[in-house]
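Here is how the chains run, residue by residue.
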Amino acid sequence: MNIYKESLMEEALKEAEKAFSIGEVPIGAIIEKDGNIIGRGYNRTESMKDPTSHAEIIAIKEAAANLGGWRLLDCNMYVTMEPCSMCAGAIVLSRIKKVYIGTMDKKTGACGSLMNILQDDRLNHYVEIETGIKQKQCEEIMKTFFKKLRKKKSEE
């Protein structure tokens, strides 16, 4: 495994841990360009009371602000879990070059599991995908979160 890719996914995992610590689904994302992190995000749908406050969307907004434009050309995203259809659409529209995914999402994944928006030839941009970067750690934080959530609900 490429140490560079692993270290960037570690940064995405740190974002996921922030979400976990505030009771949000622990998904984290970072965007990098030329070896520099230019955007970070973690899920905040509950705390912001906003269904669009996914890690990927927040990271895209920060990266665009840092670059001073919406086209994230030659940028790569590292995300702990396969993006949903909303986030996949935003990735295509922002022109991200490649997405590195920690673990796939069989229920809502739109980058290969249920559908593949990132590589749909009918769209105006094609995004490269690489999966399985720090997969075990990305799966584990999700399992731990939902196990804790189920335990909490059973105690209520």
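One can find the structure itself at the top, above this paragraph.
Being a predicted model, the structure only gives us computed values, none of them experimental.

K.L.:
Explain the overall build of the chain to me, please; I cannot follow it from the model alone.
P.N.:
Scanning the chain from terminus to terminus reveals five helices and five strands. Reading the chain from its N end, one meets helices and strands in the order α-β-β-α-α-β-α-β-β-α. In terms of overall dimensions, the chain is globule-like: its C-alpha atoms have a radius of gyration of 15 Å, near the 15 Å expected for 156 residues. Evaluated residue by residue, the chain yields a buried proportion of 46% over its 156 residues.

K.L.:
When you look at the pattern of salt bridges in this model, what are you seeing that I'm missing?
P.N.:
Side chains carrying opposite charge are able to pair once their charged atoms draw close together. On inspection of all chains with the given rule, the structure shows eight salt bridges. Salt-bridge contacts for Arg-40 lead to Glu-15; the nearest nitrogen and oxygen are separated by 3.2 Å. Residue Arg-40 is located in strand β2 (residues 36–42), and its partner Glu-15 is located in helix α1 (residues 3–21); the two are separated by 25 residues in the primary sequence. Given the relative accessible area of 3%, Glu-15 is considered buried. Salt bridges here are not isolated pairs; linked through shared partners, they connect Glu-11, Lys-14, Glu-15, Lys-18 and Arg-40.

K.L.:
When you look at a positive patch on the surface in this model, what are you seeing that I'm missing?
P.N.:
On the surface, a cluster of positive charge is made up of Lys-107, Lys-147, Arg-150 and Lys-151. The topology assignment puts Lys-147 in helix α5 (residues 135–155).

K.L.:
How should the packing of aromatic side chains be read in this particular structure?
P.N.:
We describe a pair of aromatic rings using the distance from one ring centre to the other and the angle between the two ring planes. Scanning all chains against the criterion turns up three aromatic pairs. Ring plane angle 70 degrees and centroid distance 5.8 Å describe the contact between Phe-20 and Phe-145, whose orientation is recorded as edge-to-face. Placement of Phe-20 in helix α1 and of Phe-145 in helix α5 is noted, with a sequence separation of 125 residues between them. Plain terms: the ring middles of Phe-145 and Phe-146 are 5.0 Å apart, the flat faces sit at 85 degrees to each other, and that makes the pair edge-to-face.

K.L.:
Sorry, what's going on with the packing of helix α3 (residues 55–67) against helix α4 (residues 85–93) here?
P.N.:
Helix-helix packing: each pair is described by the crossing angle between the helix axes and the interaxial distance. At their nearest, the axes of α3 and α4 sit 9 Å apart, and the two run at 25 degrees to each other. Considering their axes alone, α3 and α4 lie roughly parallel with respect to each other. Considering how the two elements wind past one another, α3 and α4 form a crossing that is left-handed. Between α3 and α4, the contacting residues are Glu-56, Ile-57 and Ile-60 on the first element and Met-86, Cys-87, Ala-90 and Ile-91 on the second. The residue makeup of the contact of α3 with α4, split by class, is six nonpolar, no polar and one charged.

Rules behind the numbers
- Throughout, residues of each chain are indexed from 1 in the direction in which the sequence is written.
- Where totals are concerned, whole chains, interfaces and linings use all residues; where local detail is concerned, this predicted model gives features only for residues with pLDDT of at least 70, and gives and counts side-chain atom pairs only at 80 or more.
- Calculated side-chain values reflect all of the structure's heavy atoms, with hydrogen atoms and water omitted.
- A run of H or I in DSSP counts as a helix once it spans at least four residues, and a run of E counts as a strand once it spans at least two, with each numbered from the N terminus.
- Restricting the calculation to C-alpha atoms gives the radius of gyration, and the globule rule supplies 2.2 Å times the number of residues raised to the power 0.38.
- Relative accessibility under 20% of the residue-type maximum defines a buried residue, over 50% an exposed one, and the middle range a partly exposed one, all with a 1.4 Å probe and only protein chains included.
- Any carboxyl oxygen of Asp or Glu that lies within 4 Å of a side-chain nitrogen of Lys or Arg is treated as forming a salt bridge with it.
- Residues forming no salt bridge and having over 30% relative accessible area are the ones grouped into patches, like charges within 9 Å of each other and nonpolar side chains (Val, Leu, Ile, Met, Phe, Trp, Tyr) within 5 Å.
- Here the open area of atoms and residues is found with the Shrake-Rupley method and a 1.4 Å probe, where only the protein chains shown may cover a residue.
- Counted as positive: Lys and Arg. Counted as negative: Asp and Glu, with His and the chain ends omitted from the count.
- To locate a charge, the coordinates of NZ of Lys, CZ of Arg, CG of Asp or CD of Glu are taken.
- Note on aromatic pairs: the rings of Phe, Tyr and Trp (six-membered ring only in Trp) are paired at centre separations within 6.5 Å, and the planes decide the class, stacked below 30 degrees, edge-to-face beyond 60, tilted for the rest.
- For every element, the axis is a line fit to its C-alpha atoms; helices are fit only across the contacting stretch, and the angle between N-to-C directions ranges from 0 to 180 degrees.
- Put simply, angles under 35 degrees are roughly parallel, angles over 145 are roughly antiparallel, angles from 65 to 115 are roughly perpendicular, and the rest are oblique.
- Crossings are sorted by hand: turned counterclockwise from the far helix by less than a right angle, the near helix makes the crossing left-handed, and turned clockwise it makes it right-handed.
- In this analysis, two residues are considered to be in contact whenever any of their non-hydrogen atoms come within 4.5 Å of each other.
- Note on residue classes: Ala, Val, Leu, Ile, Met, Phe, Trp, Tyr, Cys and Pro are nonpolar, Asp, Glu, Lys and Arg are charged, and everything else, Gly too, is polar.

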